[in-house]
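Structural features, examined
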Amino acid sequence: MRPILTLVVIFLFPIVVFGQSQILKGKVVDAQNNDGIASVGIQLVNTEISTQTDSLGFFSFKVPQQNEYQLKITHVSYIDQLINVSDNEILIQLQVDNLLLKQVNVSGQTNELPKNSLQKLKPLSVNETATPFNEFNQLITTLPGVVSNNELSSAYAVRGGNFDENLVYVNGMEIYRPFLVRAGQQEGLSFINPDLVGNIEFSAGGWEAKYGDKLSSNLLIDYKKTEETEGNVNVGLLGASAYLSTQFNKKDNLLLGLRYKNAKYLFNTFETSGEYLPRFLDFQAFYNYRFSDKTSLDLLAVFAQNDYRIEPASRETDLGTLQQKLRFFVAYEGAESLRYQSFQGGARLRHLFSDNFRTSVILSAFSTSEYEYNNTEGFYRLCDVDQDFSSDTFDQCISLRGIGANYNYARNFLYAQVAQAIIRNDWQIQNNHLLAFGFEYKKQFVNDFLDEFEFRDSADYAQVNRVIKQENNLEATFANVYVQHEWQLNNRHSLNYGLRVNYGSNTGEWLLSPRLQYQVLLHPDKSGKFSFSTGFYRQFPFYRELRDFSGNITPNVRAQSALHFVGNYSKNLELWNRPFQINSALYYKYLYDIIPFDVDNIRLRYRPDLTANGYAYGADFRFSGEFIPDMESWFSLGLLSTRENVEEDSRGYIRRPTDQRVTAAIFFQDNFINDPSLKVNLKLQVGSGLPFGPPNSLENRNIFNGEWYRRMDIGFSKQFMGDRIQNLEYIESFWIGLDVLNVLGVSNTISYSWIEDVNGQTFAIPNSLSARFLNLKGIVKF
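Here is a short report on the structure shown in this document. All values derive from a computational prediction rather than experimental measurement.

1. Some thoughts on the overall build of the chain
- Per the secondary structure count, the chain includes 3 helices and 43 strands.
- Taking 28 Å as the expected radius of gyration for a compact globule of 782 residues, we find that the chain reaches 27 Å, a close match to that expectation.
- In terms of overall dimensions, the chain has a C-alpha envelope of 85 × 60 × 50 Å along the principal axes.
- Expressed as a percentage of its 782 residues, the buried residues of the chain come to 56%.
- Considering only intrachain contacts with a sequence separation of at least 6, the fraction spanning at least 24 residues in the chain is 67%.
- Here the chain has roughly 32,300 Å² of accessible surface; of this, 55% comes from carbon and sulfur atoms.
- Counting 72 positive and 86 negative side-chain charges, the chain places the averaged centre of each group 4 Å from the other.

Below you can see the structure in the form of structure tokens.
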């Protein structure tokens, strides 16, 4: 195998040497007018060999030499086809999917360039990549502008925002996260099941008016529809999953997904030893029924049950410098647990009233019951460590810095419900004019009971740090209407402008959000695109934003607002007869009426009693393509500066908690030269340190800078074809994989505990993430 782990190999773009192969080429056209169709996906069934048509509908790619091929043909605006071919040059005709209203199209547009700030992403098999829990969001975090320093969590921040500022839609339904989770290890499975994903679009800012009201990003997911029965079973040391897609007749499609996560073995690599009992379960069902060529119905139901329990025993952490080394030791008693059950379901009915007018009605509901229990006491000791190699006490405690105890008690319960209705309309006025308009209504209810206190005995004094006994009930109604016009000025220039009108009962505000996107195709072959986006983005406080450190609901909090300015340039390239793409962006965001927050692990602690404004600016770069034939890889780089000015602290502009100045990521796939079924993938993430400061100290917020985040995961896999094994023809393939997680063994810091010694000096004790871990897994596909 080529030495993929060296940067020299990565940047020389290694080329795989195929065995016996031949060229399969042809053209894909519209069955009605015989015009070539761009961006059609063509995949050789039961392999990862695929390509896309060019701007004129032509394609050409290498395939193994055989007598007959089975091809899967897909396009977002046409009905999928599964065809058998025996010739090396073919003509494929596609029928328009009448349920997908014709969108304003750019003549000769090249492959998958971003449109209206939405970047289309290719779904990857997360089960076959090196991630701890096969989480879909772990690949999102390798994109430029996206920040996540916790491999245990699906939460991410975008361009200076926080975890609560990201819109996520699945089949048009808005998705919600649990409320009470404090740490990544408590978080269950993310909502998105990677086995069910069919289409992905992501915007890091400047998206169009038809999509909702958050400050930072927009992720659109559509679950797939298949024509044949398929599925897989995945079993590993950290969990298992199963997926099935089937049809009862030619009009419907049913997807079933079951996931189980048990991270006990991984959690045993933490600094805190003890008895970890984490169990997380998720079941999803997606059903699509096509009544006719004009009417279809989507049904989605998701149930998640999460149970995290730990009985901590002890912890030992070394910190300091080469000249002065300290050791922090804690002995624990008690246990803590977090349990929650959530359900989300919905329906989407789409009807084509005419060839030019389509309506979608989306109804959804979300419900969660969360219970947090904590009854732990930690007895700690902080001491100086002897670093004299010649001493009999080398690497032992020689002087005591501090000793004390910390007791935490909590009995918290939260129940929340959200119901939402959305009506979307698309009207093709003319071939170059598309009018979209709609209405959204959302009702939320939250009941939160808090009963917790913290007692600390440290450095010869005792104090009660926190006492909260509070019950909150919050009801709120949100409504908005939107209208937008997409105008194709000519075959190179297009304009999209729109307006959202928002109302939130919890603030009593009526807000306007105008938005605009302009884009132009560049170069004679239209292989490049420049776009400029601007607009206002509003975010009404949900519940967490209104609750202060004492558990009280703060009244008279205004909706947070952001003004985006985003310039994007994208270019399609062809190197070594394979597709590549360059994406770059410059952005500036002005933030006002924002609610300051602090980050503790993945827990956001808002300060609604404070008022602030701020800004974020930076640049993002991504270079992606088939460095290895039929295997997509990418390199990402993000540069960011984000600051806020809190009126009450008189400090001027300070760094925001998510001010990660530099982020870089590599996702790279490769295989063995002589055996393409032996594969390897690498995921590398590097990020500069995040700001932090002592808790409950407004004047010292974010005065320190944390350590860089560095993590590399490598996965190895071997594929066995089922049709080559007697009596197993119904099995498509077997996969055996070995993931080496955190290859470098870096002890990344996620948060800090603050300890005071006998002299009154305060120390920040780092809390680290998981260590190196080997995960063995097997996959059966059918």
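2. Observations concerning the sheet that holds strand E3 (residues 50-52)
- The 4 strands are arranged E3-E2-E5-E6 in an open sheet whose pairing can be described as antiparallel. Edge positions in the open sheet fall to E3 and strand E6 (78-85), since each of these has one partner strand only. Sheet twist, expressed as the mean angle between neighbouring strand axes with direction ignored, is 20°.
- Here strand E5 (residues 69-75) runs beside E6; their pairing, made up of 6 bridges, is antiparallel. What sits directly across from histidine 75, in E6, is tyrosine 78.

3. A closer look at the pairing of strand E18 (residues 272-290)
- Pairing analysis gives 10 bridges linking strand E17 (residues 252-261) to E18, with the strands arranged antiparallel. Paired with leucine 254 across the bridge in E18 is tyrosine 287.
- With 19 bridges connecting them, E18 and strand E19 (residues 295-320) associate as antiparallel partners. In the strand pairing of E19, glycine 274 is matched with proline 312.
- Linking E18 to E19, which pair antiparallel, is a turn of 4 residues.

4. So, the sheet that holds strand E8 (residues 119-121)
- Strands sit in the order E8-E13-E14-E11-E12 across an open sheet of 5 strands; the sheet is mixed. With partners counted over all chains shown, the strands left at the sheet margins are E8 and strand E12 (173-174), one partner each.
- As defined by bridge partners, strand E11 (residues 166-170) adjoins strand E14 (residues 217-223) across 5 bridges and the pair is classed as parallel. In the sheet register, valine 170 faces E14, and the bridge partner there is isoleucine 221.

5. Notes on unusual backbone geometry
- In this structure, aspartate 395 is a non-glycine residue whose phi angle is positive, near 65°.
- Following the sequence through the fold, aspartate 395 ends up in the loop between strand E21 (357-385) and strand E22 (397-430).
- Judged by relative accessible area, which is 34%, aspartate 395 ranks as partly exposed.
- Here histidine 523, not a glycine, exhibits a phi torsion of approximately 75°, which is positive.
- Secondary-structure assignment places histidine 523 in the loop between strand E26 (509-522) and strand E27 (528-539).

6. Side note on the environment of glycine 535
- Mapped onto the fold, glycine 535 is located in strand E27.
- Sequence separation between glycine 535 and phenylalanine 667 is 132 residues; the distance between their C-alpha atoms is 32 Å.
- Not counting residues within four places of it along the chain, the set of residues in contact with glycine 535 comprises Pro514, Arg515, Ala562, Leu563 and His564.

7. Considerations on the nonpolar core
- By size, the foremost hydrophobic cluster in this structure holds 28 residues, and its most contacted members are Ile192, Phe202, Leu219, Ile221 and Tyr223.
- Going through the elements one at a time, E11, strand E13 (197-203), E14 and E19 are the ones with two or more residues in this core.
- Excluding its chain neighbours within four sequence positions, the residues that come into contact with leucine 219 are Phe136, Ile140, Tyr156, Leu167, Val168, Tyr169, Ile192, Ile200, Glu201 and Phe202.
- Ala157, Val446, Ile595 and Tyr606 belong to the second-largest nonpolar core, a separate cluster that totals 24 residues.

8. Quick word on the packing of aromatic side chains
- This model, assessed by the stated rule, comprises 36 aromatic pairs.
- One cation-aromatic arrangement involves lysine 261 over phenylalanine 280; the distance from NZ or CZ to the ring centre is 5.0 Å.
- The aromatic ring of phenylalanine 478 is capped on one face by lysine 442, whose charged end is 5.6 Å from the ring centroid.

Thresholds applied
- Residues numbered from 1 in each chain as written.
- Predicted model: local features only at pLDDT ≥ 70, side-chain atom pairs only at ≥ 80, totals over all residues.
- Heavy atoms only, no water.
- Helix = DSSP H or I, 4+ residues; strand = E, 2+ residues; numbered from the N terminus.
- Rg over C-alpha atoms; globule rule 2.2 N^0.38 Å.
- Buried < 20%, exposed > 50% of the residue type's maximum accessible area, 1.4 Å probe, protein only.
- Contact = heavy atoms within 4.5 Å.
- Areas by Shrake-Rupley, 256 points an atom, 1.4 Å probe, with all protein chains shown as cover.
- Lys, Arg positive; Asp, Glu negative; His and termini not counted.
- Charge placed at Lys NZ, Arg CZ, Asp CG, Glu CD.
- Pairing = 2+ DSSP bridges.
- Axes fitted to C-alpha atoms, helices over the stretch in contact; angles between N-to-C directions.
- Core = buried A, V, L, I, M, F, W, Y, C linked by side-chain atoms within 4.5 Å.
- Phe/Tyr/Trp six-rings, centres within 6.5 Å; stacked < 30°, edge-to-face > 60°.
- Lys NZ or Arg CZ within 6 Å of the ring centre and 35° of its normal.

The values are spatial; any link to function lies outside them.
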